[in-house]
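# Survey of secondary and tertiary structure
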Amino acid sequence: MSHSWVDAILAAGVVPASYVPEASVGRTDLEEFTGADPVEDPELRVHSLDGVRALAPAAVGFLDGIEQWRVVGYAGVTPIVRAYVAAAIRLRRTDRRPRTIGEDADELAITRLDRLPDAAREALERAGVRVVEISADDAGQPARALPAARIEVQKARAALERRLAERRLSGLGSDEWLVVDGVLSDSSALSAHPRVLGVVKSHGAEYFAGPELERALTLPAVRRTSVFRPKSRGARRDIYSWYLRLWPWEGNDLLYGLLRVEARAHPETVARASGISAWLTAERAPLATPDRRWDRLLYPIHDVETYLRARAPRDLLPAPGSRLPRTGT
Amino acid sequence: MIDKASPQPPPVGRVVATEQKPATPHQFHFWTANETSIGIGAIVRVEGAGSGEQGAGKVVYGVVTDGFAYSDLATPLHDVVGAEGDPARAAESPTVRQEIRLWTAAVLRQQPEEPLQPVPLGRVHVATDTDVAQALRMDAYLDGTEPTAIPVGLYTSGGLEAPVYLDADFLLGPEAAHLNISGVSGLATKTSAVEFLLGSIFQHFPPHKGRIAAVCFNVKGPDLCFLDRPGVLEEEDRRRYERLAVRAQPFERVRYYAPFKADGVNLNTLRTHPDLVGDVEPLVWGLREVLDYAEVLLNRDDIDAKADAFIDFLSDRVVDKEFDDGFGGAHRVVTFADLERLFRSIFDGLELGGGRGDTWRTHHIATIRKVRNRLSNISTRAKGLVTDDGPSNDLPWGRFEDRAVYVVDVANVDPLGQDLVFARIVSKLREHLERRDLGVEAVVVFVDELNKYAPADGPETYVKKMLLDISERGRYLGLVLFGAEQFRSQVHRRVVGNAGTIVFGRMDSDELATPGYQVLSPAIKIKLATLPIGELMVRHPHFTQPIFVRFPRPAVLRGRDGVERFPPAADLPFEDAVVRQLVKLDRRVRPNLVKDLIVDRREEDVRRALAHTRQTRPQDAFAHFKKHLGGRVAAAPATARESVPPLNPISDEPY
């Protein structure tokens, strides 16, 4: 979709703005203690992957999404945000080269309609852009409006990713896996599928405490923890999970190289946990540099993100120049 | 010929421009799939971006001059870390890194040409036949009422190939002229390329430009000795000939010239097989021919006004004239032998004349001796080419044939003699072309080992001056120099600089490091250093960038193959050699009669009579030969002197 709707609202009297917030670091896990039930072992233990035969699927689809947004205008103090979200699946077959097999993108305006002048509101309606509203309370205070807008952008991206992944499930081959960047428990279809994995890089949720927490966060490289079942949180589905350390954390920080893997809650998952872990460990190479999250970012996921960013609208990126006032020359 | 119906191929790449690598009016960058047919030297067509974007409607042609490949790897260290220091594991990573094939291309042509702007960021296509013609501006001379296109080879890239043409007006004059070809020896490229191109010129030289011939100096081995014999061609060669619309056939009219060996009867060439030697004309020059180019024989130290003046005196006042030496002797100097007699007469006269000083007709005796030494030196060093006496036998000045090749074999001639041959023939060509009475309107002169005749450094020889003169003014006359050498940097700058068309075969790396090749990209240099046989890089005034082409092997017998198929005959005994030459002139000549006639005759007399016969070409060669040989002077025993008996017998008495 072109950004002609932005021109339209500016023509309708909205004060132009150009502000790109700090780049999102991706969806975070829940930042709270939820607890977990042991599945594989009575308590969380460390499992070595030495000598484990890695799972070697003939084809693997990797799914990731991106979000970009910019404040394009103000009606009074109410921001009008232009957001772009996109997701793609790139399938890697035996030639080891990922190719895009599905992608989707959406553009939306985020604001509070009743705070806009009539002309601007009508311009938005005429443009046909999807408008997502923030709450009236958030819209009144700029310090709250932008975080609220950010949450709406993240929701839009998560929904897009979920739709794309669920569409793909119907066509998933018998020896084909789907690896999703993030949690699976948002989707009943994804969390129940035998060949779908969620790879979580951020670790806001705390499932353990005490010695088990220490065991999880000081996990040596190329080791995994026992499979556990995160305790159910709201609408989230039943899932099995375990931690996997890709790189030695000593000399860095506790989360360095630490992944949390999600798979369907099924005994087969426990049986496959080591094979899957060995496979994901092999995905350490090639390194996903220069992304600063390379220690946890699988290269194929990085590849999807690179692909999406290459196709994203360029005008949503921060301008390379300074924000000094223009001289008028 | 140009295939105008070839379908438009799909795009193979897209132009990209960044702040670091922007597109300019003369250069652009584009990427392709990793598996691509594009390579160094490929010609591409860029179409402006789609409707509504900048550059729409603009078409740019370019030639790939460099290529880059890289991945998203930030530093090599990351690859080491990813493989945990084990190179074997690096190849086992489940995913291949994103890679790019990025190419740099130099602009050949923009359409429309004005305004000249940076290349649009458009789609990149592999060039078709028509594109190649447009890109190289060949459309200007391929079409029209009087096309002047000469096929030089096939541009090939990614399964597509297109004929490439040179413009006769810029290859053979008058707009530009001359061709220079360089390349390492032993790859059969330089000579083969010239042979093919000469064949192509002969078949495609525009009728409105008149008649053309070629004079080729064979300076080494049997290279050019079998131009009239068909060579072995492979199917691929025949296909290329067909694609270029050139008939795969040897030259129809080839005339061979070679001097004699020192014996004066056996030809000094490798084309002496009995089946072929009949086509070889002897190249024999006498005093007059040598004297006109005496400057060639004088080295730098010899050149002075006195020697010049004396040579001019001989040429103007003595040779071919009745001349009184001032000592009572009358001379008519026609041959070297006559001249030697004159010199002896002068020296004797000066020595015996007492008190007449050391000058003769204002020329100092030292000058006379120097000129005599130099002239007699050539008749010694180039014996067989220069005859002491008897008439000369020369190229058919004024009777040159259209589309004929005149091969002058001087491979085994002394270097001084080679210089003389070269200087005289080229000068005569120039004289006749100036007078428009050569028989053809244009002549291609092919000289191999140009670095020997026109070196970048070294003395200013007559030959070098003459080559410079041809290079700079020959195009107005129709005198075109095709020069070949191993190292272009060793040839005089003005000689190569005046060549409108430059051709490169496989080049030596050291040569490519010289300043003359700075304009070439490293990738082009690498390609030049590894060019296969049959591929060349061509620069031509219409081409804004060098173009790589492939040419079929020439349809003539290669020198080495020719020597194997037609091994040179051993030198014949004197009598047999004389018989062979007379039989060549007149098939009715009976060998036994000739042998009987010349037995016990002086070889000089036989050679002189033979030369007269050859020059006259009478109906009855034997009778003419016999007449010029003259009657046999029977050897009469010396009469015993009658001794006068002593008046008194000698007594035994000692006192």
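Reading the values: the criteria
- Residues numbered from 1 in each chain as written.
- Chains lettered and ligands numbered in written order.
- Predicted model: local features only at pLDDT ≥ 70, side-chain atom pairs only at ≥ 80, totals over all residues.
- Helix = DSSP H or I, 4+ residues; strand = E, 2+ residues; numbered from the N terminus.
- Rg over C-alpha atoms; globule rule 2.2 N^0.38 Å.
- Buried ≥ 20, exposed ≤ 12 C-beta atoms within 10 Å, placed from the backbone.
- Contact = placed C-beta atoms within 7 Å.
- Nonpolar A, V, L, I, M, F, W, Y, C, P; charged D, E, K, R; others polar.
- Axes fitted to C-alpha atoms, helices over the stretch in contact; angles between N-to-C directions.
- Parallel < 35°, antiparallel > 145°, perpendicular 65-115°, else oblique.
- Left-handed = near helix turned anticlockwise from the far one by under 90°.
- Expected span 1.5 Å × (residues − 1).
- Arc of directions from axis to C-beta.
- Pairing = 2+ DSSP bridges.
- Core = buried A, V, L, I, M, F, W, Y, C linked by C-beta atoms within 7 Å.
- Domains from an automatic or database assignment.
- pLDDT = per-residue confidence, 0-100.

## Some details on the overall build of chain B
Counting its regular elements, chain B contains 23 helices and 22 strands. For a compact globule of 655 residues, the expected C-alpha radius of gyration is about 26 Å, and chain B comes in at 33 Å, more than 25% above that figure. In terms of overall dimensions, chain B has C-alpha extents of about 135 × 60 × 60 Å along its principal axes. Going through the 655 residues of chain B one by one, you find that 44% of them count as buried. Counting contacts in chain B only where the partners sit at least 6 residues apart, residues at least 24 apart contribute 75% of the total.

## Describing the overall build of chain A
For chain A, the helix and strand inventory stands at eight helices and 13 strands. If one aligns the C-alpha atoms of chain A with their principal axes, the spans along those axes are about 65 × 45 × 40 Å. Here chain A holds 329 residues, and the buried ones make up 41% of them. The long-range share in chain A, meaning contacts at least 24 apart out of those at least 6 apart in sequence, stands at 69%.

## As for unusual backbone geometry
All names here are of chain B. The linkage connecting E114 with the following residue, P115, adopts the cis geometry, with an omega of -5°. Its place among the elements puts P115 in the loop between β5 (99–111) and β6 (123–126). Cis rather than trans, the peptide bond between G173 and P174 has omega equal to 5°. Locating P174 in the fold gives a position in the loop between α5 (168–171) and β9 (179–182). Non-glycine residue H178 carries a positive phi angle of around 80°. Classification of H178 as buried rests on a count of 28 C-beta atoms within 10 Å. The phi torsion at A245 lies on the positive side, around 60°, for a residue other than glycine.

## Quick word on the interface of chain B and chain A
With eleven residues of chain B at the interface, the matching set in chain A holds 16 residues. Partitioning the side of chain B that touches chain A into residue classes produces five nonpolar, five polar and one charged.

## Examining the packing of helix α22 (residues 603–616) of chain B against helix α23 (residues 621–629) of chain B
Residue and element names in this part refer to chain B. One can describe the packing of α22 onto α23 by two numbers: an axis separation of 8 Å at closest approach and a directional angle of 135°. Here α23 runs oblique to α22, going by the angle between their axes. Once α22 is placed against α23, the crossing between them reads as right-handed. Each of D605, V606, A609, L610, H612, T613 and T616 in α22 lies in contact with α23, whose residues at this interface are A621, H624, F625, H628 and L629.

## Regarding the environment of F68 of chain B
Structurally, F68 of chain B can be placed in strand β4 (residues 59–71). By C-beta crowding, F68 of chain B is classed as partly exposed, having 13 other C-beta atoms within 10 Å.

## What about helix α11 (residues 336–352) of chain B?
Residue and element names in this part refer to chain B. When the terminal C-alpha atoms of α11 are compared, their 24 Å separation across 17 residues agrees well with the 24 Å that a helix rising 1.5 Å per residue should span. F336, D338, L339, L342, F343 and I346 are the residues of α11 that are buried. Across the axial projection of α11, the buried residues extend over an arc of 160°, all falling on one side. Residues of α11 that are exposed and angled more than 90 degrees away from the buried face: E351 and L352.

## Some points on the sheet that holds strand β2 (residues 27–32) of chain B
Residues and elements named next belong to chain B. Taken together, six strands build a closed barrel; the order of strands is β1-β2-β5-β4-β3-β6 and the barrel is antiparallel. Sheet twist, expressed as the average angle between the axes of neighbouring strands with direction ignored, equals 45°. Alignment of β2 against β5, held across six bridges, turns out to be antiparallel. The residue of β5 that forms the bridge with Q27 is A106.

## A word on α23 of chain B
Among the residues of α23 of chain B, those classed as buried are A621, H624 and F625 of chain B. Buried residues in α23 of chain B, looked at end-on, bunch into an arc of 100°, giving them a common side.

## Some words on the nonpolar core
V443 and V445 of chain B are the most contacted members of the largest nonpolar core, which has 183 residues in total. The contacts of V445 of chain B, once residues within four sequence positions are left out, are V215, V426, L429, L479, V480, L481 and F482 of chain B. The next biggest cluster of nonpolar side chains, apart from the first, holds 82 residues, and it includes A123, V227, V261 and L308 of chain A.

## Structural notes on the domain arrangement of chain B
Domain annotation for chain B reports domain 1 (11–88 + 97–135), domain 2 (162–283 + 393–563), domain 3 (304–381) and domain 4 (572–629). Taking only C-alpha atoms into account, the centre of domain 2 of chain B sits 40 Å from that of domain 3 of chain B.

## Comments concerning the pairing of strand β19 (residues 479–485) of chain B
Residues and elements named next belong to chain B. With respect to burial, β19 is a largely interior element, seven of its seven residues being buried. Looking at chain direction, β9 and β19 are connected through four bridges and run parallel. Within the sheet, the bridge partner assigned to S182 lies in β19 and is E485. Where strand β18 (residues 442–447) and β19 come together, five bridges link them in parallel fashion. Within β19, the position partnered with V443 by the bridge is L479.

## Quick notes on the environment of T65 of chain B
Residue and element names in this part refer to chain B. Here T65 is to be found in strand β4. On the neighbour-count criterion, T65 (21 C-beta atoms within 10 Å) is buried. For the pair T65 and K464, spaced 399 residues apart in sequence, the C-alpha to C-alpha distance is 35 Å.

## Considering the packing of helix α20 (residues 574–585) of chain B against helix α21 (residues 591–598) of chain B
All names here are of chain B. α21 packs onto α20 with a crossing angle of 130° between their chain directions and a minimal axis gap of 9 Å. By the angle between their axes, α20 is oblique relative to α21. Of the two elements, α20 crosses α21, and the hand of that crossing is right-handed. Contact with α20, carried on its side by E575, V578, V579 and L582, involves P591, V594, K595 and I598 of α21 and no other residues of that element. Of the residues contributing to the contact of α20 with α21, the split by class is six nonpolar, no polar and two charged.

## Structural notes on the environment of D50 of chain A
Mapped onto the secondary structure, D50 of chain A falls in the loop between β3 (46–48) and β4 (59–75). Residue D50 of chain A is classed as exposed on the basis of its C-beta count, with 8 C-beta atoms lying within 10 Å.

## Notes on the confidence of the model for chain B
When pLDDT is averaged along chain B, the result is 86, and 92% of the positions lie at 70 or above. Per-element confidence in chain B ranges from a low mean pLDDT of 72 for helix α9 (residues 294–297) of chain B to a high of 96 for β2 of chain B.

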